[in-house]
Amino acid sequence: MELNSNQIAELLPHRYPFALVDRITGLESGQWAKGIKCVSVNEQFFCGHFPQEHVMPGVLILEALAQVGAVAILSVPENRGKIALFGGVKNARFKRKVIPGDVLELECTLTKQRGAVGIGSCTATVNGEVACTAELIFAVQCHP
C-alpha cells in the first residue's frame, strides 16, 4: 500500500515545518512501513544547520523515521485518531551526511508491542547507502 502526503496527514498530526515524510512507499499496518523524504535546499532547518555546509540534522532524520513508524502503528484501525509519542531512542548511529538533493529512504519495522508501548527497528538510506540506524521506542496515546 502507498500513501501520498494528504493520506499521511490523515494519520499523523504533523504539519509544516515538521511533516518529514513525503510519501509512504510500502505499508503493512501494525507491522512495518517504508517512506521517502525528498531533501530540498529550501528546508527551513538549513538556514542554521549549517549555513556554510547544509547537513540535515540527525535528530530530524530520527524524527522522519519515527513518523514512518507512526504511520505503521496508527494505520491500525483501533489506533486511528491517536498519536504516537517518542518514548526513547537506542543505539542511534549516523553513517553518512544527508544533504540537499538526497532522497532519504526510511524504513521502520515494529518489533515489539506491549499495550500502548512499542519498539521499532529503523534504517534510513540514501541510494542504498546507510545514513542512520536506530531503535525507537514509542507510546500510543489518545489525541487530546
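Quantities reported herein were computed from a predicted structural model and do not represent experimental measurements. (Residues numbered from 1 in each chain as written. Predicted model: local features only at pLDDT ≥ 70, side-chain atom pairs only at ≥ 80, totals over all residues. Heavy atoms only, no water.)

Draft legend 1. The environment of His-54, seen in detail. Counting through the fold element by element, His-54 comes out in the loop between strand E2 (32-38) and helix H2 (58-74). For His-54 and Arg-114, which are 60 residues apart along the polypeptide, the C-alpha to C-alpha distance reads 39 Å. Those residues within four positions of His-54 in sequence are excluded, and the remaining contacts are Val-41, Phe-46, His-49, Val-98, Ile-99 and Pro-100. (Helix = DSSP H or I, 4+ residues; strand = E, 2+ residues; numbered from the N terminus. Contact = heavy atoms within 4.5 Å.)

Draft legend 2. Spotlight on the sheet that holds strand E1 (residues 23-28). Read across the open sheet, the 6 strands follow the order E1-E2-E4-E5-E6-E3; overall the sheet is antiparallel. Two strands lie at the open edges of the sheet, namely E1 and strand E3 (82-94), each paired on one side alone. Sheet twist, expressed as the mean angle between neighbouring strand axes with direction ignored, is 20°. Strand direction decides the pairing type here: E1 and E2, joined by 5 bridges, are antiparallel. Of the residues in E2, the one forming a bridge with Leu-27 is Ala-33. (Pairing = 2+ DSSP bridges. Axes fitted to C-alpha atoms, helices over the stretch in contact; angles between N-to-C directions.)

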